[in-house]
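Structural features, examined
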Amino acid sequence: MSESQLADRLALWIEERIKTAGLKGAVFGMSGGVDSSVVAVLCRSACGDSTLGLLMPCHSDPQDERHALAVAARFSIPTKKVALDAAYDMLLESINGGGETDAERVARANLKARLRMLTLYFHANRLRYLVVGSGNRSELAVGYFTKYGDGGVDILPLGNLVKGQVKEMAASLGVPQEIIDKPPSAGLWHGQTDEGELGCSYDELDRLLTGGEISNRARAKIEQMTARSYHKLNLPPIPDC
């Protein structure tokens, strides 16, 4: 199956899921990254004008917004900007979240993702849209997402594609090359990159998931992440008694 055929099938799948839910369109975050850009283009193809891409900066790199707007302009995607900096700062102050340990830094980063989830669902409820996530198979396999943050979505059209496949689809769709080539980052803190946080490359992760060979070190790291994230990939446990 060609990339264009796969894109058409995914767009049709999105359209069908929205109709099945009895809703009117799709809302999604636009971070300026390759995954969210592909989702935005697929949703535009599936839903036409009944789409909304939300730009939700929260002490973010201005380049991310420029990239998101470039995709929106190229594909005529309706957008809205909701700046979350003030809400984030106020909430941090209220919960006394200013510590400097690694755990506190991760907690603050996850708060950004959860504020974005709240914003997406506010607009989804108001417009009667479905929330479309941008998680791919590589990220889902190791739990590289924030529980009830960017993992809090209704559908994941890229969930069966590894990162390399998403980049190939982005190229076939016409996503700007600078977005495809830039180091993947969730923008959780200054200088943060996905691969730096994962401790392995997407290439290694993709190879393992598609039956290829990787180093023992990378395999052990990936298996450890998968085991740690079990709770993120399943519904909350309920006791038998």
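Let me sum up the structure you'll find in this document. (Residues numbered from 1 in each chain as written. Predicted model: local features only at pLDDT ≥ 70, side-chain atom pairs only at ≥ 80, totals over all residues. Heavy atoms only, no water.)

This paragraph deals with the nonpolar core. Counting residues in each nonpolar core, the largest one holds 34 residues, and the members touching the most others are Phe28, Met30, Leu42, Ile77 and Leu158. Every element with two or more residues in this core is listed here: helix H1 (3-20), strand S1 (25-29), helix H2 (34-47), helix H3 (62-75), helix H7 (163-173) and helix H8 (177-181). Looking at this core, the element that brings in the most residues is H2, giving nine residues. Ignoring sequence-local partners within four residues, the contact set of Leu158 consists of Leu10, Asp35, Val38, Val39, Leu42, Ser134, Gly135, Asn136, Arg137 and Val166. Within the second largest apolar cluster, 15 residues are counted, among which are Leu52, Leu92, Leu111 and Tyr129. (Core = buried A, V, L, I, M, F, W, Y, C linked by side-chain atoms within 4.5 Å. Buried < 20%, exposed > 50% of the residue type's maximum accessible area, 1.4 Å probe, protein only. Helix = DSSP H or I, 4+ residues; strand = E, 2+ residues; numbered from the N terminus. Contact = heavy atoms within 4.5 Å.)

Our focus in this paragraph is H2. Because each turn of an α-helix spans 3.6 residues, side chains separated by three or four positions in sequence point in the same direction. Over its 14 residues, H2 runs 20 Å from end to end, which matches the ideal 20 Å to within 8%, given 1.5 Å per residue. Burial within H2 is extensive, with twelve of its 14 residues counted as buried. All of the buried residues along H2 are Val34, Asp35, Ser36, Ser37, Val38, Val39, Ala40, Val41, Leu42, Cys43, Ala46 and Cys47. Following H2 by one or two positions, Gly48 has its phi on the positive side, about 60°. (Expected span 1.5 Å × (residues − 1).)

Further remarks concern the pattern of salt bridges. Inspection of every chain in the model, using the stated rule, returns seven salt bridges. Among the salt bridges present, the one from Lys81 reaches Glu65, with a minimum N-O distance of 3.2 Å. Here Lys81, found in strand S3 (residues 79-81), pairs with Glu65, found in helix H3; they are 16 residues apart in sequence, far enough to count as distant. Residue classification places Glu65 among the partly exposed positions, given a relative accessible area of 25%. Among the ionic pairs, Glu204 bridges to Arg217, the shortest N-O distance being 3.7 Å. (Salt bridge = Lys/Arg side-chain N within 4 Å of Asp/Glu carboxyl O.)

At His59, a position not held by glycine, the phi torsion is positive, near 55°. Take His59: it is sitting in the loop between strand S2 (51-55) and H3. Positive phi outside glycine occurs at Arg128, with the angle close to 60°. Considering the arrangement of structural elements, one finds Arg128 in the loop between helix H5 (102-127) and strand S4 (129-131).

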